[in-house]
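# Secondary and tertiary structure notes
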Amino acid sequence: MSAFCREQGLSEPTFYAWRQRLRKQSTPSVRFALVETKPAEETVPPIELMLASGDRLRIPHDAATLKLVLAVLREQA
């Protein structure tokens, strides 16, 4: 988890605080998944979604991660 937080520019306490906050707000079907990604050859900015709550979701430009995020969002629809 510390490597993920470092890569995303988050402190671990911030990550866990957000995870706890989202768990309280989310329906039971929402799950968290740690996705390991390989460093991109080029630095491509992530896709950023602005949620109705005002939160931002940044998704790396890799097909596996995007498919996972879309699957979770479709479950919520």
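What counts and how
Residues numbered from 1 in each chain as written. Predicted model: local features only at pLDDT ≥ 70, side-chain atom pairs only at ≥ 80, totals over all residues. Heavy atoms only, no water. Phe/Tyr/Trp six-rings, centres within 6.5 Å; stacked < 30°, edge-to-face > 60°. Helix = DSSP H or I, 4+ residues; strand = E, 2+ residues; numbered from the N terminus. Buried < 20%, exposed > 50% of the residue type's maximum accessible area, 1.4 Å probe, protein only. Pairing = 2+ DSSP bridges. Contact = heavy atoms within 4.5 Å.

## Things to note about the packing of aromatic side chains
Aromatic ring pairs are described here by two measures, namely the spacing of the ring centres and the angle between the planes. Per the stated rule, a full pass over the model turns up two aromatic pairs. Here F4 and F15 contribute two aromatic rings whose centre-to-centre distance is 5.9 Å and whose plane-to-plane angle is 75°, an arrangement assigned as edge-to-face. Residue F4 is located in helix α1 (residues 2-8), and its partner F15 is located in helix α2 (residues 12-25); the two are separated by eleven residues in the primary sequence. On the basis of relative accessible area, F4 is assigned to the partly exposed category, the value being 25%. With centroids separated by 5.3 Å and ring planes inclined at 85°, the aromatic side chains of F15 and Y16 adopt a geometry described as edge-to-face. Its relative accessible area of 16% is what places F15 among the buried residues. Joined through ring pairs, the aromatic side chains of F4, F15 and Y16 make up one cluster.

## Comments concerning the pairing of strand β2 (residues 56-59)
Here strand β1 (residues 47-50) pairs with β2 via four bridges, running antiparallel. Bridge pairing in β2 links M50 to R56. The antiparallel pairing of β1 with β2 creates a hairpin that spans five residues between the two strands, and G54 there sits at a positive phi of about 95°.

## What to know about the side chain of T65
Looking at the element boundaries, T65 is found in helix α3 (residues 63-76). Given a relative accessible area of 7%, T65 falls into the buried group. Setting aside residues up to four positions removed in sequence, T65 forms contacts with V35, T37, I59 and P60.

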